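Listed below, chain by chain, are the residues.
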Amino acid sequence: MYLVSPNKSAPQSKTKLLSCPYLSICMCVEHCGKTCLAEGDNQWLGVSLSRRASNGDILACGHRWKNVFFARKDNQNKLPYGVCFKISSGFSHTTQYIPCYRDHQRKFGEDYGSCQAGISNVLTEDLMIMGAPGSFYWTGTVLVYNVSSNVVAAYVDDDSTVLYGSYLGYSVGAGHFLHRDSMEIVGGAPQHGQAGKVYIFRVEGKTLKIVNETSGSQLGSYYGASVCAVDLNADGLSDLLVGAPMYSVVREEGRVHVYINQGQASMSEAPFKLVGRDSYAARFGETITDLGDIDNDGYPDVAIGAPQEEDLRGAVYIYNGRKGGVTASFSQRITGSVLGNSLRMFGQSVSGGVDVDGNGYPDVAVGAYLSDSVIVLRTRPVVMVEASLLLPASVNRSVALCHEHGLPAMCVEVSVCFRVKGKQVPGHIEVKFNLTADVHNKEPFPSRFYFHGNGTSNVTAGRVRAKHGEETCSMHQAFLRRDVRDIFTPVHFEVEYELGEHRVARAGPKISRPLTPILQQREGFSNLVSNKTQFARYCVWENCSTNLQISVVYRRSHNNVPYFALGNGKTIMLNATLANIGDDAFLPKLLLRFPTNLHFIRVLDAEEKYVSCEVVEENKTHVGLDCSVGNLYIPSLSKVAICPLRTHSAHTPHTLRPCLGLFCH
């Protein structure tokens, strides 16, 4: 249940708060003291609202509530003390608090005469913390009421640390800054020196003592207008976010400063500031709220309002806590214009930490001030996916494990596996994926593996339906191309995945339909998983070496005689036999050099023997011919016969002395 305040501009002699689902709660001050007469008109009850997480009690304040006793009696100023009401979780009981009231206090501005208590408030297990920025001629103070001991503590500026007109208490917060089990108080003073300051206090009896202070960097930025104590990195100590909504590059784009607690309230400012979209006149940082862990990664997340963005339509930004503090960029931007054309100043107030729809995730309520509206944003369940890509350690080129078109074929068995986890994730989760083979293959060469049923593409798509906590796998066969020559570099496979369709049936009389889950974007997250394998090499010799030998026989294309007479015939056939008496020879080449009066024609049965030759150099006396031999390699203890044909020019007598050479990898 969320509690909201009505239009602050309406006269309110008897102010009501509205709860959702709708329930009207009337809170009136009947008696306030010996020299007190209540005036509730225009008191802005609900200007600040906070909730105790343990039992649901609520603290609602109206900082413009006034004591008019001396105004009626002596025609003096009305005294804007402010009032707060603590409301029980069942809305059956309310208790009023007017912490600034003093009998016979009549001077406006002096001491607590115009304190405006409750412009900000925080309710913890034992403490009611209220900002009172009008105290002591708008120096301001923070009031802390301990509900267990009935002791009220306040910051009293005896040594003028806080300047007049600082508005200390304009914003307040509470957190564990000194120790994991202590509770310290935060107070913002956005007008201190016109640049703003934020103080961290510890409670000592009836006084607050400063233990840390941070300062704004730009005049008029209103640094300290909002504060949020939140343990961003989940180390047990509170960190601090400070809003400066009027920080200007052009005009009032706004900034949020990030301070990470190093221990003992030693706050280290992050090297970046949160900026939203850095939009003109957005006033980003007007409000900052701890949402709880909405993405289920173990770190709290925050919402930051920019109510004047998009010409007063407004927006809210979500930032996620991380081990190092907080993400520098937002994970989600929610605009008032998307939710409805009538919404204006969406994001002026934000509240979180309440699970409205009972799906186990805290939801978010956002106020649109100029539209008298509150929007409840429900948090979708988050799915964590653990993906793996399983490959054999090596590929044996000599063993055909698969069949293609009824014939044995060399392939690799690829397993794509998924395990899904999450809170309140019903039914089966569909995961869609694209599997790519040989992703590091360089153009213009085709990939060395392809998937059957998808033409000759090295990409195939698939989907699985996984059950919570159980591993589900999909098997695929990647086929090796016949003309592959690169068997030295590893073969990399990659799978990219996303959530598919997930239909959730409505179960029981819930207030709203179930939400489909989303994929968790945790720190270091990537929806890309890769693995690699390599071609196997099996060696006979200790040093895994080849031993290529070549034998050459000159033959005429007819009249088989052991010699060739110049001028007798025009065609020569050279029989070259490569024998490998060592280990497998990878990518072997035969290099031939012959006189220019010989011209290369072709290699007999070249395609069958996987031999391809090309002329690589030519000068006045010699021609070079390089021949790649074998599909991938010449196996150990095997031979390849190569028969290039050449034509002979009879016009220039020349001694035939071809030069041959071999090399392999």
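Residues numbered from 1 in each chain as written. Predicted model: local features only at pLDDT ≥ 70, side-chain atom pairs only at ≥ 80, totals over all residues. Heavy atoms only, no water.

The phi angle at glutamine 116 is positive, at roughly 55 degrees, despite the residue not being glycine. Examined against the element boundaries, glutamine 116 turns out to sit in the loop between strand E9 (94-97) and strand E10 (121-123). Residue glutamine 116 is classed as partly exposed on the basis of its relative accessible area, which comes to 22%. You will see that alanine 265, though not glycine, has its phi angle at about 60 degrees, which is positive. Looking at the element boundaries, alanine 265 is found in the loop between strand E20 (255-261) and strand E21 (267-269). (Helix = DSSP H or I, 4+ residues; strand = E, 2+ residues; numbered from the N terminus. Buried < 20%, exposed > 50% of the residue type's maximum accessible area, 1.4 Å probe, protein only.)

Moving on, we come to the sheet that holds strand E41 (residues 528-535). Strand order in the open sheet formed by five strands is E31-E41-E39-E35-E37, with mixed pairing between adjacent strands. Either end of the sheet is taken by a strand with one partner, and the two such strands are strand E31 (394-395) and strand E37 (459-467). The sheet contact formed by E31 and E41 spans two bridges and is parallel. Across the sheet, the residue bridging to serine 394 is glutamine 534, located in E41. (Pairing = 2+ DSSP bridges.)

To continue, consider the environment of methionine 183. Relative to the helices and strands, methionine 183 is located in the loop between strand E14 (171-175) and strand E15 (184-189). When the C-alpha atoms of methionine 183 and arginine 202 are compared, they prove to be 7.4 Å apart, with 19 residues separating the residues in sequence. The contacts of methionine 183, once residues within four sequence positions are left out, are Thr124, Leu127, Ala174, Gly175 and His176. (Contact = heavy atoms within 4.5 Å.)

If you walk through the whole model with that rule in mind, you get 17 aromatic pairs. With centroids separated by 6.4 Å and ring planes inclined at 80 degrees, the aromatic side chains of tyrosine 319 and phenylalanine 330 adopt a geometry described as edge-to-face. Placement of tyrosine 319 in strand E24 (residues 315-322) and of phenylalanine 330 in the loop between strand E25 (325-326) and strand E26 (332-335) is noted, with a sequence separation of eleven residues between them. The buried category is assigned to tyrosine 319, whose relative accessible area is 1%. Through successive ring pairs, a cluster of aromatic residues spans Phe284, Tyr317, Tyr319 and Phe330. The ring of tryptophan 44 carries arginine 64 above its face, with NZ or CZ at 5.0 Å from the centroid. Sitting over the ring of tyrosine 361, lysine 423 keeps its end group 4.8 Å from the ring centre. (Phe/Tyr/Trp six-rings, centres within 6.5 Å; stacked < 30°, edge-to-face > 60°. Lys NZ or Arg CZ within 6 Å of the ring centre and 35° of its normal.)

Counted under the stated rule, the structure contains six disulfides. There is a disulfide in this structure between cysteine 61 and cysteine 84, and the S-S distance comes to 2.0 Å. Where cysteine 61 bonds to cysteine 84 through sulfur, the torsion about that S-S bond is close to 105 degrees, and the disulfide is right-handed. Here cysteine 61, found in strand E6 (residues 58-62), pairs with cysteine 84, found in strand E8 (residues 83-87); they are 23 residues apart in sequence, far enough to count as distant. For the pair shown, cysteine 61 and cysteine 84 are each scored as buried. Paired through a disulfide, cysteine 417 and cysteine 473 show a sulfur-sulfur distance of 2.0 Å. Measuring the twist about the S-S bond at about 110 degrees, one finds the cysteine 417-cysteine 473 disulfide to be right-handed. Here the residue cysteine 417 occupies a position in strand E34 (residues 411-422), and cysteine 473 occupies one in strand E38 (residues 471-480), the gap between them amounting to 56 residues. The class of cysteine 473 is partly exposed, set by a relative accessible area of 39%. (Disulfide = S-S within 2.5 Å.)

Attention now goes to the pairing of strand E28 (residues 363-368). Counting buried residues in E28 gives six out of six residues, a clear majority hidden from the surface. By the alternation rule, side chains of E28 split into Asp363, Ala365 and Gly367 and Val364, Val366 and Ala368, which are all buried. Sheet analysis places strand E27 (residues 346-354) next to E28, joined by six bridges and oriented antiparallel. Of the residues in E28, the one forming a bridge with phenylalanine 346 is alanine 368. Two elements, E28 and strand E29 (residues 373-377), share five bridges in a ladder whose sense is antiparallel. Paired with alanine 365 across the two strands is valine 376, which belongs to E29. Hairpin connection, E28 to E29: the antiparallel pair is bridged by four residues, and aspartate 372 has positive phi, about 50 degrees.

Take the layout of surface pockets next. Size it by volume and the second largest pocket reaches roughly 640 Å³. Forming the walls of the second largest pocket are 25 residues, and the residues nearest its centre are Ile294, Ile318, Gln332, Thr379 and Ile518. Listed by contribution, the elements that provide at least two residues to the lining of the second largest pocket are E24, E26, helix H4 (336-339), E29 and strand E40 (518-519). Of the residues forming the lining of the second largest pocket, the biggest block, four residues, is contributed by E26. Looking at side-chain class alone, the lining of the second largest pocket contains eleven nonpolar, nine polar and five charged residues. Mapping the lining of the second largest pocket onto the domain boundaries places at least three of its residues in each of domain 2 (216-379) and domain 3 (383-505 + 514-535). (1 Å grid on protein atoms, 1.4 Å probe; cavity = no way out; pocket = protein on both sides within 12 Å on 5 of 7 lines; lining within 4 Å. Points joined across faces, edges and corners; volume = space filled by probe spheres on them. Nonpolar A, V, L, I, M, F, W, Y, C, P; charged D, E, K, R; others polar. Domains from an automatic or database assignment.)

Take it as geometry only, folks, not as evidence of what the structure does.
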